[in-house]
Number of protein chains: 2
Amino acid sequence: MQKPYVLGVDIGGTNTVFGVVDVRGQILEQGSIKTANHATVEEYLASLTPDLTKMIANMGGVEMFKGIGVGAPNGNFYSGCIEDAPNMGWAKGKVIPFAAMVEEKTGIPCALTNDANAAAIGEMTYGAAKGMKNFIMITLGTGVGSGIVVNGELVYGHDGFAGELGHVRVRNHNGRLCGCGARGCLEAYASATGVALTAIEYLETRAEESLLRDLDISRINSKDVYEAAVKGDKLALEIFDFTGKILGEAFANFIAFSSPEAIILFGGLTKAGNFILRPIAEAMDANVLSIFRGKTKLLFSQLRESDAAVLGASALAWELK
Amino acid sequence: MQKPYVLGVDIGGTNTVFGVVDVRGQILEQGSIKTANHATVEEYLASLTPDLTKMIANMGGVEMFKGIGVGAPNGNFYSGCIEDAPNMGWAKGKVIPFAAMVEEKTGIPCALTNDANAAAIGEMTYGAAKGMKNFIMITLGTGVGSGIVVNGELVYGHDGFAGELGHVRVRNHNGRLCGCGARGCLEAYASATGVALTAIEYLETRAEESLLRDLDISRINSKDVYEAAVKGDKLALEIFDFTGKILGEAFANFIAFSSPEAIILFGGLTKAGNFILRPIAEAMDANVLSIFRGKTKLLFSQLRESDAAVLGASALAWELK
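Residues numbered from 1 in each chain as written. Chains lettered and ligands numbered in written order. Predicted model: local features only at pLDDT ≥ 70, side-chain atom pairs only at ≥ 80, totals over all residues. Heavy atoms only, no water.

Focus on the sheet that holds strand E9 (residues 135-140) of chain B
Residue and element names in this part refer to chain B. Worth spelling out the cut-off: Note: two strands are recorded as paired if DSSP finds a minimum of 2 bridges between them. The secondary structure listing takes helices from DSSP runs of H or I that are at least 4 residues long and strands from runs of E that are at least 2 residues long, numbered from the N terminus. Here, residues are in contact when the closest pair of their heavy atoms is within 4.5 Å. To get an axis, fit a line to the C-alpha atoms, keeping to the stretch in contact for a helix; angles then go from 0 to 180 degrees between the N-to-C directions.
The strand order across the open sheet formed by five strands is E11-E10-E9-E12-E13, and the pairing between neighbours is mixed. The open sheet has two edge strands, strand E11 (153-154) and strand E13 (297-300), and neither has a second partner. Here five bridges tie E9 to strand E12 (residues 262-266), and the two strands are oriented parallel to one another. Directly across from Phe135, in E12, lies its bridge partner Ala262. Its contacts with the sheet place helix H7 (residues 234-258) against E9, strand E10 (144-150), E12 and E13, and it is angled at close to 150 degrees to E9.

Here's the deal with the sheet that holds strand E6 (residues 81-83) of chain A
The pairing of strands in a sheet comes from backbone hydrogen bonds and takes either a parallel or an antiparallel form. All names here are of chain A. The strand order E5-E6-E7 describes an open sheet built from three strands, whose pairing is antiparallel. On the outer flanks of this sheet lie strand E5 (75-76) and strand E7 (95-96), each paired with one strand and no other. Judged from the two bridges that link them, E5 and E6 form a sheet pairing that is antiparallel. Within the sheet, the bridge partner assigned to Gly75 lies in E6 and is Ile82.

Here we look at the nonpolar core
This is how it is decided: The definition of a nonpolar core used throughout is a set of buried Ala, Val, Leu, Ile, Met, Phe, Trp, Tyr and Cys residues joined through side-chain atoms within 4.5 Å. We call a residue buried when its accessible area falls under 20% of the maximum for its residue type, exposed when it is over 50%, and partly exposed in between, using a 1.4 Å probe and counting protein chains only.
Of all hydrophobic cores here, the largest spans 106 residues; its most connected members are Ile138(A), Phe251(A), Phe254(A), Ile138(B), Phe251(B) and Phe254(B). Not counting residues within four places of it along the chain, the set of residues in contact with Phe254(A) comprises Ile136(A), Ile138(A), Leu165(A), Val168(A), Leu186(A), Ser259(A), Pro260(A) and Phe257(B).

What to know about the interface of chain A and chain B
Here is the rule we go by: By buried area we mean the combined loss of accessible area, with a 1.4 Å probe, across both parts when two parts are placed together. By definition, a salt bridge exists where a carboxyl oxygen of Asp or Glu is found within 4 Å of a side-chain nitrogen of Lys or Arg.
Residue-level contacts link 38 residues of chain A with 38 residues of chain B. Across the interface of chain A and chain B, roughly 3200 Å² is buried in total on both sides, 58% from carbon and sulfur atoms. Among the residues chain A hides against chain B, the three largest losses belong to His158(A), Phe257(A) and Leu289(A). Together they make up 23% of the total. The tally of links from chain A across to chain B stands at two salt bridges.

Right, here's the structure in full:
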């Protein structure tokens, strides 16, 4: 008999969310704990596993679960380890065999990958990529992440870390400094942080009127830019044009690599809707090699933002052998 | 019983070469015809198939052959068609069901792909990528081609045309004009043609002495640059440094995509050996995201240049179901 449930655990920098999911992608039970309030992984698990075992018992016990899927920063699918996740105290500078530890504590097989890969599997299992064998998931949040699917399988590469499209170089060595230490990465421009940096740059180097000038420049974020754009603010619209153009140019290169059926966008920046989608589509179309033109769909995720993290992580568990 | 032979057919712009290959990658019989001296595909096949059927008979007949693999410009693996190959008169502006035609004429199953993909399969079957599940083949010839392998399978994308890394944009819109009509493509810099263009640019805009100044500038090719480099000519060495740097920067981006175990170089430019390999390796290392640093090997093809085209095409036939 097919086991009816999976557990999804998404480890974010601030919160860890988890839930029980059925084959149709319905979240039946859900919970969360703080990720950061723990000095060691043992302490973190001491906080997480009682909640998981309670949920498992509520749903009829271990034998009802196909597996547990975990999405974690720097999560390596091959090894099941979280490998040096600098933003989480208990995982910084360490290689933690997280999947094996969860498996031991719960008695349920566990698979682990990074959050963007989990999002891609979630989209393929429950969302906009259902039935697709070749697509690219791009997450536009604080950073830019990606999950690439080729021939129906996640691309992990030889070491488990493939799909770091946020760190493709899109500008030269005089480009913007990225969190990774390099200059000119896509993430330095196309993340929520990148949009804020573009706003600051525009406000400081240009003279036009803008609603954004009423705000404290040091605290401007991508939501402020969106709200100004909604009111027709030209500078705000230009900020999205610039961001979208960089994304679309990068997407043209990604298409030359894996010729995906769709590029699917997820994350905070997608709330900007057409303000960001139109310039992406235009730049993608203008830059893509002619044999690919008009072939790759540009879509928004079909998963609700509040559910996506748990769904994505849970979807990985269906793939367990 | 495993059938002991395959036939490989490589359709180049000038010549078509073909041969019988065994499981160990030995070419047992070999032949060639002109590709271009034919007005239609029917005429071309009327010239090719008698040679093939003779070879097949020599080796014991149709039942000794697992299949025929064809490498062709704009060859689509999914459809078995050559789709608008502008450099071959009989295939220009047409969609030719080439694999089906060969199958009908010979009675042997036929698969088709483009030449760079065939090179990748050849390398995986007989050469430097034996046993690798994730690698990228880059062909540096008149153009720049690529074949990408992920999870042990060629990346064809949703339409059969994935892996056009020669047309990834590496310079902005003021970059060099590429044969594809766009500006700044990798191919415009890193092909043999690109090296010649760099030589012309350097000679015209700079004042240094160089052995290359003794040559007719309009006829300089990458071999001339290599020969000058061997003699220690500084300008020639700088031309390879520039070319290698652009390639290495591009490779850093490719690694962020699929995290390959190796990037394998093939084609005329690889004759420049360390003159090109060293600057590639340096730029790759300087630009790659830290989690990938030092992990991806940079290798030259292990197939003899004279054999590689036939071997690559033939290898595709072993994959036939």
